[in-house]
Amino acid sequence: MLPNASIPHYWMLLLRIMAATLGGYIVAALFSVAALSLPLDIMMSLRIGMMGSFIIWAGVATWSFITPSLIRLWGAIGLATCSLLLVANYGIH
Amino acid sequence: MAQLHTWCGLLAAWLLFAVFLTGTLSYFKESISLWMQPELPSVAANAEWDNRRLADYWQHYLAEHASTARNWQITFPDERMSVSTAVWFGEDGSEQLVLDPTTLTLVTPRETRGGDFFYRFHFQLHHLPAVYGRWIIGIATMMMFVAVISGVITHKKILRDFFAFRPQKGARSWLDAHNACSVLTLPFQLMITYTGLITLMSLYMPWGLERAFPDADARRQAISELHAFPLSGPATGQPAALHALSELVGDAESHWQKPVQSLRVSHPGDAGARVAVWQSALEALSAHRPQRIYEASSGALLAEIQSQRIDEQAHGVMVGLHAGRYANWGMRWIYFSLGAAGCGMVATGLLLWTSKRKYKKGSELGMWCVERLNIATLAGMPIAVLAFLASNRLLPVALSGRAQWEIHFFFVAWLLALLHAVLRRSASQAWREQLTLTVILLLCLPMLNLLAPSYSVLGDLAAGNWQRVSVDLMCLVGALIIVWQMKRAAKKTLSRVPPTQVAS
Amino acid sequence: MMLITILALCTLGFTLIALSDNRHRRRCGLKPAQQKPWFWAGSAILGWPLWLAMETWSTGLGITLWLGCLSISAGVVFLGLAMFERLRQQL
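Residues numbered from 1 in each chain as written. Chains lettered and ligands numbered in written order. Predicted model: local features only at pLDDT ≥ 70, side-chain atom pairs only at ≥ 80, totals over all residues.

A word on the overall build of chain B
And then number 1: A tally of regular secondary structure across chain B gives 20 helices and 8 strands.
And then number 2: Relative to the globule expectation of 23 Å for 504 residues, the C-alpha radius of gyration of chain B, 25 Å, shows essentially globular dimensions.
And then number 3: Long-range pairs, those at least 24 residues apart, make up 69% of the contacts in chain B between residues at least 6 apart in sequence. (Helix = DSSP H or I, 4+ residues; strand = E, 2+ residues; numbered from the N terminus. Rg over C-alpha atoms; globule rule 2.2 N^0.38 Å. Contact = placed C-beta atoms within 7 Å.)

Focus: the overall build of chain C
And then number 1: The number of helices and strands found in chain C is 4 helices and 0 strands.
And then number 2: Principal axes of the C-alpha set define a box for chain C whose edges measure 45 × 25 × 15 Å.
And then number 3: The 91 residues of chain C split such that 37% are buried.
And then number 4: For chain C, the share of sequence-separated contacts (at least 6 apart) that also reach a separation of at least 24 residues comes to 64%. (Buried ≥ 20, exposed ≤ 12 C-beta atoms within 10 Å, placed from the backbone.)

So, the sheet that holds strand S4 (residues 105–107) of chain B
Within a sheet, adjacent strands bond to each other through the backbone by hydrogen bonds, running parallel or antiparallel.
Residues and elements named next belong to chain B.
And then number 1: The strand order across the open sheet formed by 8 strands is S4-S3-S2-S1-S5-S6-S7-S8, and the pairing between neighbours is antiparallel. Edge positions in the sheet fall to S4 and strand S8 (301–305), since each of these pairs with one other strand and no more. When the angles between neighbouring strand axes are averaged without regard to direction, this sheet yields 20°.
And then number 2: Across 5 bridges, the pairing between strand S1 (residues 71–75) and strand S5 (residues 260–266) is antiparallel. Residue pairing in the sheet places Trp-72 in a bridge with Val-265 of S5.
And then number 3: Set on the sheet, helix H3 (residues 51–65) makes contact with S1, strand S2 (84–90), strand S3 (93–100) and S5; between it and S2 the angle comes to about 30°. (Pairing = 2+ DSSP bridges. Axes fitted to C-alpha atoms, helices over the stretch in contact; angles between N-to-C directions.)

Brief notes about the nonpolar core
Where a protein is soluble and globular, its nonpolar side chains tend to be buried together.
And then number 1: Ranked by internal contacts, the top residues of the largest apolar core, which has 171 residues, are Phe-17, Leu-263 and Ala-384 of chain B.
And then number 2: With near-sequence residues (within four places) excluded, Ala-384 of chain B lies in contact with Phe-410, Ala-413, Trp-414 and Ala-417 of chain B. (Core = buried A, V, L, I, M, F, W, Y, C linked by C-beta atoms within 7 Å.)

Remarks on the packing of helix H1 (residues 2–26) of chain B against helix H4 (residues 115–124) of chain B
Residues and elements named next belong to chain B.
And then number 1: With their axes 8 Å apart at the nearest point, H1 and H4 run at an angle of 135° to one another. One finds that H1 runs oblique with respect to H4. H4 is crossed by H1, and the crossing has left-handed handedness. Of H4, the residues touching H1 (which contributes Val-19, Thr-22, Gly-23, Leu-25 and Ser-26) are Gly-115, Phe-118, Tyr-119, Phe-121 and His-122.
And then number 2: Considered class by class, the residues forming the contact of H1 with H4 number 5 nonpolar, 5 polar and no charged. (Parallel < 35°, antiparallel > 145°, perpendicular 65-115°, else oblique. Left-handed = near helix turned anticlockwise from the far one by under 90°. Nonpolar A, V, L, I, M, F, W, Y, C, P; charged D, E, K, R; others polar.)

Overview of helix H1 (residues 2–19) of chain C
And then number 1: The end-to-end C-alpha distance of H1 of chain C is 26 Å, a good match for the 26 Å that 18 residues give at a rise of 1.5 Å each.
And then number 2: For H1 of chain C, the tally of buried residues reaches 13 of 18 residues, placing the bulk of the element in the interior. (Expected span 1.5 Å × (residues − 1).)

A few points about the interface of chain B and chain C
And then number 1: Of the residues lining the interface, 20 residues belong to chain B; the matching set on chain C comes to 21 residues.
And then number 2: Breaking the side of chain B that touches chain C down by element, the ones donating at least two residues are helix H7 (174–184), helix H8 (186–199), helix H13 (310–323) and helix H14 (329–357) of chain B.
And then number 3: With 5 residues, H14 of chain B is the largest single contributor of residues to the side of chain B that touches chain C.
And then number 4: Tallied by class, the residues present in the side of chain B that touches chain C amount to 15 nonpolar, 3 polar and 2 charged.

Describing the interface of chain A and chain B
And then number 1: Tallying the contact residues gives 24 residues for chain A and 23 residues for chain B.
And then number 2: For the side of chain A that touches chain B, the secondary-structure elements that each account for two or more residues are helix H1 (9–34) and helix H2 (42–66) of chain A.
And then number 3: Here the residues of the side of chain A that touches chain B are counted per class, giving 19 nonpolar, 4 polar and 1 charged.

Examining the confidence of the model for chain C
All names here are of chain C.
And then number 1: In the predicted model, chain C carries a mean pLDDT of 85, and the fraction of residues at 70 or more is 91%.
And then number 2: Averaged pLDDT values for the elements of chain C fall to 70 in helix H2 (residues 22–27) and rise to 90 in H1.
And then number 3: If you check the scores for this complex, the pTM reads 0.93 and the ipTM reads 0.91. (pLDDT = per-residue confidence, 0-100.)

A word on the pairing of S8 of chain B
All names here are of chain B.
And then number 1: Of the strand pairs in this sheet, strand S7 (residues 291–295) and S8 are connected by 4 bridges, and their pairing is antiparallel. Counterpart to Arg-292 in the pairing with S8 is Glu-304.
And then number 2: A loop of 5 residues connects S7 with S8, the two strands running antiparallel in sequence, and Gly-299 in this loop sits at a positive phi of about 85°.

Section: the domain arrangement of chain B
Residues and elements named next belong to chain B.
And then number 1: Assigned domains within chain B: domain 1 (1–36 + 112–227 + 309–357), domain 2 (51–107 + 229–306) and domain 3 (361–493).
And then number 2: Between the C-alpha centres of domain 1 and domain 2 the distance comes to 32 Å.
And then number 3: Opposite the 15 residues of domain 1 that make contact, domain 2 presents 13 residues.
And then number 4: Put simply, the parts of the chain that give the side of domain 1 that touches domain 2 at least two residues each are helix H11 (216–226) and H13.
And then number 5: Looking at which element gives the most residues to the side of domain 1 that touches domain 2, the answer is H13, with 7 residues.
And then number 6: Broken down by class, the residue content of the side of domain 1 that touches domain 2 amounts to 4 nonpolar, 7 polar and 4 charged. (Domains from an automatic or database assignment.)

Structural notes on the arrangement of the chains
And then number 1: By contact count, the dominant pairing among the 2 pairs of chains in contact is that of chains A and B.
And then number 2: There is a gap between chain A and chain C: no contact, and a shortest C-alpha distance of 20 Å.

Section: the packing of H2 of chain A against helix H5 (residues 130–154) of chain B
And then number 1: Running from N to C, H2 of chain A and H5 of chain B point in directions that differ by 55°, and their axes come no closer than 10 Å. With respect to their mutual orientation, H2 of chain A and H5 of chain B come out oblique. Viewed along their axes, H2 of chain A and H5 of chain B form a crossing whose handedness is right-handed. Residue-level contacts link Trp-57, Ala-58, Ala-61 and Thr-62 of chain A of H2 of chain A to Met-142, Phe-145, Val-146, Ile-149, Ser-150 and Ile-153 of chain B of H5 of chain B.
And then number 2: Here the residues of the contact of H2 of chain A with H5 of chain B are counted per class, giving 8 nonpolar, 2 polar and no charged.

Quick look at the pairing of S2 of chain B
Residues and elements named next belong to chain B.
And then number 1: In this sheet, S2 lies alongside S1 in antiparallel orientation, the contact comprising 5 bridges. Bridge pairing in S2 places Ile-74 opposite Ala-86.
And then number 2: Relative to S3, S2 is paired through 7 bridges, and the arrangement is antiparallel. If you follow Gly-90 over to S3, its bridge partner there is Gly-93.
And then number 3: From the end of S2 to the start of S3, which pair antiparallel, there are 2 residues.

So, helix H12 (residues 245–256) of chain B
All names here are of chain B.
And then number 1: Between the first and last C-alpha of H12 there are 17 Å, a value that for 12 residues agrees with the 16 Å anticipated at 1.5 Å per step.
And then number 2: What H12 keeps buried is the set Leu-245, Leu-248, Val-249 and Ala-252. One side of H12 carries all its buried residues, which in axial view fall inside an arc of 100°.
And then number 3: Each element contacted by the buried residues of H12 is listed here: H3, S5, strand S6 (274–279) and S7.
And then number 4: Gln-257, located one to two residues past H12, shows a positive phi value of around 60°. (Arc of directions from axis to C-beta.)

Written out as C-alpha cells, the structure reads:
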C-alpha cells in the first residue's frame, strides 16, 4: 500500500474492492468480446471468451488484494481495458 | 490476502450453504421425488420395457388429449426415474402425465415439485424472477471462486501438510475441520464452482454473443447452438399427420446402440412439426448429448447433432461434470459425499470465524448478527428442507395447489427458524433447540413414510428399488451424526466449566 | 462392484503413501523405514485403478471416476490416520 497518510484506510480498501468487482468484470467482459477476433470458428471464440472471462475476473480480483501498489493495480486495469477495447473495436470483422 | 479469503467467504457463506445443501440433495432429486410420490409404482430394478411401445402409447394418448398443444415432451424411464412422463404445453395450459412402463397404465401421483424444487432453488432461488436469482447466486459463486483461490494461495503450507496427510492440531478445532473439508476435496470444490459459472455463462457474460449476433433471432439461434438445444422452428399452419414415433425411437436406438432419454415433438399435427430425440445421459460425460432431429410428417432425418469439436466437447463436459447426469449410483454417492463436504466446508468456515472473534473486541451488533444468521442458516435451512418433506406427507393428497403449499412450508419453516434464532436470548440454547428439532424431524420422516397408506417398504425392497428406502436411511444417518456432534459439543462445554461451578 | 474395487485400491495406495512419511510411522507406532519404496509402491497402486476405470468405462468417464474416488479415499485415509492416532493415545 502507498505510504500516503492523507488517504484514509477505508478508501484504499474501497478502491481495491472496486478494482476486484467492477474493474475485474469490465476486463473480463471486454476479454470475452475481444476473443471474437481470434482466427477461429465463431462458436469456439465465443466459448474461449466466456470460459476464460471467469478465470480473468478471478485473477484480477485476487491480484487486487495481493498487489501492494494501488496505482499499479488501477494502471494495469486501465491498460487492459484500453487494449481490449482496441481489439474489440478494430480486431473483429 | 488472508483477509480476502475470510471476508469473501464470510459474506457469501450463508447463501452458499443454502446452495450447497440444496445442490447436494439435487444429485438424488429423482429419489426424493419418488419418495414424495408414494403412489408411483415400485418398478423393479431389473424390469425391462420397450421405449418404442411407450412412444406408441404416448402418441395415441397425446393425439387424443393434446392435439392442439404447442409441443409434447416425453421422457423415457431410466435407472433413476422408473416411470415415463409426458408434458404438453398449449394454449389451454399444460399438463404432466405419468406412465408405468411395465403395465402401460397411467398413474396419478400427488401433485408435488419433488426434488426438482431443490434443484431449481440451488441456481435460481424461488419467489424471485429467475434472472435475478441466477445473478445473485452467480455473484455468490464468483465470491466462492475467489475465496477458494485466495485460500489456496494464502495457505500453501496447509496444502503441503494435507498432501502428507498431516492434520494440523489433532482434528479438534473448527479450523482443522474446515481445512479437512476444504483441502481434501479441493479439486471437487474448484471444479463445481467453475463449472457452475460455466453452466450459466451466457447469462453472466453475454457480451460476446451480443457483439457477434446483434440481431435477436440470430442470437437465439446462436445460443441454441452454443448449448446444443435445438429450437422448435416455426409452425406452417398446414395440418399433416404425425409419423409413428415408435419408428423414430427405434431408428435412433438402433443407430446409437444406446437407449433414448427423451423426445420432443414441436407443433404436433402441423406440416412443420419436428421431432427431436435425445440420447440417454447415463455414462455420457458431456451434457450435450447426441440428438437426432426428424421431420415429423415423413420421419426423414433432418439433422444429427453430436459434439465433435474440442470446444463443444470441453463445454459439454464442463456442464456435464457439474450436473452429474452421467453418473451411475456409485458415482452419484461420491458426488453427494463431496457436496456434503462442501456444505461442511462452508459451515465450519462460518463457525471458525465466529469462534475466533467471539471474545475479542469488535462490533457487538455485527457479531450478534453473524451468530444468529449462523443458527438460522446452518440449522434453519435443514429444518426448512425437512419441513418441505414432512409437509408432503402431512398435507392432504387432494388439496389443490399442494405443490405450492409444500414450498410455503419450506419458507415458513425457515422464517420461523430465523425468528427463533433472533428472539432467543442465548445463542447456545437456540443452537440446541434447533438442532434437536432437526433430529426430531429426521426421525419423523421415515415414520411418516412407513405410515403412508399408498406406500409399501417391502414392495420397494422386493422389487429391488432402494431409492425411497435410501432417503429414509439417510434421515436416520443424519440424525445419528447430529446427536453424536451435539454430545461432543456438550462434553466440551462441560470440560471447560471449572469444577466449583458444576457443583452448584 | 468395480467402483468399490477402485475405491479400495485408492485407499490402499494412499495408506502406503502416508506410511512413507516417517512422522506418521512414529505416530502410528511403526519403526522408521525407507521412504521411497513405500511412496512409489503407493503411487503405483494409485495408477492401477485409473487403468481399471478406463477399461471398464470410456476414457473420459474413467478418469472422472478415478478422480472422484481419489478425493473420497484421500479423505478416508486422512480421517483414518487421525482416528487411529487418537485411539492409540487412549489405549
